[in-house]
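Each chain is listed here by its residues.
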Amino acid sequence: MERSGLRDELADFVAERDWAQFHTPENLAKSISIEAAELLECFQWGPDADTGRVRDELADVLTYCLLLTDRLGLDAETIVRDKLARTREKYPVEKARGRSAKYDEL
């Protein structure tokens, strides 16, 4: 699996601090959830959130997601594209366009 520049930069950042020992899949998954909650908190009292804070929290979520894919030996682009292909089948354009219904309700 080839690493991107960003993944290399994250790996270097973690290695310099000897944090890989704490980055079990379980801990990384927990961190994703925690950071996602902090992202949601930006919108807790209304739709208008501080863009800088949203940006920082979103970066944290993405960082932990990339760390988890790396830890599991997965490629983020590949798993997203694979899931997108399956979702395209569940939500064909002619049935799903402009609708938010679940696939079994289309």
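A brief look at the structure comes next. Values in this document were obtained by computation on a predicted structure and should not be read as measured data.

## Let's talk about the nonpolar core
Thought 1: Of all hydrophobic cores here, the largest spans six residues; its members are Leu10, Val14, Leu28, Ile32, Leu67 and Leu68.
Thought 2: Those residues in contact with Val14 that sit more than four places away from it in its chain are Trp19, Ala20, His23 and Leu67.

## Some words on helix α3 (residues 51-71)
Thought 1: Compared with an ideal rise of 1.5 Å per residue, which puts 21 residues at 30 Å, α3 spans 30 Å between its outermost C-alpha atoms and is within 8% of the ideal.
Thought 2: Of the residues making up α3, those classed as buried are Val54, Glu57, Val61, Leu67, Leu68 and Thr69.
Thought 3: Packed against the buried residues of α3 are α1 (5-17), α2 (25-41) and α4 (76-90).
Thought 4: Residue Asp50 occupies the N-cap position of α3, its side-chain oxygen lying 3.3 Å from the main-chain nitrogen of Gly52.
Thought 5: Immediately beyond the C-terminal end of α3, within one or two residues, lies Gly73, with a positive phi of roughly 70°.

## As for the environment of Ala37
Thought 1: Here Ala37 lies in helix α2.
Thought 2: Along the chain, Ala37 and Val61 lie 24 residues apart, while their C-alpha atoms are 9.5 Å from each other.

## Side note on a nonpolar patch on the surface
Thought 1: Residues Leu72, Leu74, Ile79 and Val80 make up a contiguous nonpolar surface patch of roughly 320 Å² in combined accessible area.
Thought 2: For Ile79, a relative accessible area of 36% translates into the label partly exposed.

## What about the state of the cysteines?
Thought 1: Per the counting criterion, the structure on display carries zero disulfides.
Thought 2: Cys42 carries a free sulfur, and the closest cysteine sulfur to it, the one in Cys65, is 16 Å from it.
Thought 3: Here Cys42 falls in the buried class, since its relative accessible area comes to 11%.
Thought 4: The exposure class of Cys65 is partly exposed, given its relative accessible area of 29%.

## Considerations on the packing of α2 against α3
Thought 1: Remark: α2 packs on α3, axes separated minimally by 9 Å, with the N-to-C direction vectors making an angle of 165°. Here α2 lies roughly antiparallel to α3, going by the angle between them. Every pair of crossing elements has a handedness; the one defined by α2 and α3 is left-handed. Residues Pro25, Leu28, Ala29, Ser31, Ile32, Glu35, Ala36, Glu38, Leu39 and Glu41 of α2 lie in contact with α3, whose contacting residues are Arg53, Val54, Glu57, Leu58, Asp60, Val61, Tyr64, Cys65, Leu67, Leu68 and Arg71.
Thought 2: Taken together, the residues that form the contact of α2 with α3 break down as 13 nonpolar, one polar and seven charged.

## What about unusual backbone geometry?
Thought 1: One non-glycine residue, Asp18, adopts positive backbone phi at about 55°.
Thought 2: Looking at the element boundaries, Asp18 is found in the loop between α1 and α2.
Thought 3: Among the residues examined, Asp18 registers a relative accessible area of 49% and is labelled partly exposed.

## Points about the packing of aromatic side chains
Thought 1: Scanning all chains against the criterion turns up two aromatic pairs.
Thought 2: Their ring planes at 75° and their centres at 5.6 Å tell us that Phe13 and Trp19 sit as a pair that is edge-to-face.
Thought 3: Residue class for Phe13 comes out partly exposed when judged on its relative accessible area of 37%.
Thought 4: Taking 6.0 Å as the distance between ring centres and 85° as the angle between the ring planes, the aromatic pair formed by Tyr91 and Tyr103 counts as edge-to-face. You can see Tyr91 sitting in the loop between α4 and α5 (93-96) and its partner Tyr103 sitting in the segment after α5, a full 12 residues away along the chain.
Thought 5: Given the relative accessible area of 28%, Tyr91 is considered partly exposed.
Thought 6: Taking relative accessible area as the criterion, Tyr103 reaches 36% and is therefore assigned partly exposed.
Thought 7: Above the ring of Phe13, the side-chain terminus of Arg17 is found at 3.7 Å from the ring centroid.
Thought 8: Here the basic side chain of Lys90 rests over the ring of Tyr103, its NZ or CZ set 4.3 Å away from the ring centre.

The rules behind these values
- Residues numbered from 1 in each chain as written.
- Predicted model: local features only at pLDDT ≥ 70, side-chain atom pairs only at ≥ 80, totals over all residues.
- Heavy atoms only, no water.
- Core = buried A, V, L, I, M, F, W, Y, C linked by side-chain atoms within 4.5 Å.
- Buried < 20%, exposed > 50% of the residue type's maximum accessible area, 1.4 Å probe, protein only.
- Contact = heavy atoms within 4.5 Å.
- Helix = DSSP H or I, 4+ residues; strand = E, 2+ residues; numbered from the N terminus.
- Expected span 1.5 Å × (residues − 1).
- Polar contact = N/O pair within 3.5 Å; in protein donor to acceptor, adjacent residues only side chain to side chain.
- Patch = residues over 30% accessible without salt bridge, like charges linked within 9 Å, V, L, I, M, F, W, Y side chains within 5 Å.
- Areas by Shrake-Rupley, 256 points an atom, 1.4 Å probe, with all protein chains shown as cover.
- Salt bridge = Lys/Arg side-chain N within 4 Å of Asp/Glu carboxyl O.
- Disulfide = S-S within 2.5 Å.
- Axes fitted to C-alpha atoms, helices over the stretch in contact; angles between N-to-C directions.
- Parallel < 35°, antiparallel > 145°, perpendicular 65-115°, else oblique.
- Left-handed = near helix turned anticlockwise from the far one by under 90°.
- Nonpolar A, V, L, I, M, F, W, Y, C, P; charged D, E, K, R; others polar.
- Phe/Tyr/Trp six-rings, centres within 6.5 Å; stacked < 30°, edge-to-face > 60°.
- Lys NZ or Arg CZ within 6 Å of the ring centre and 35° of its normal.

Keep in mind these numbers describe shape, not what the thing actually does.
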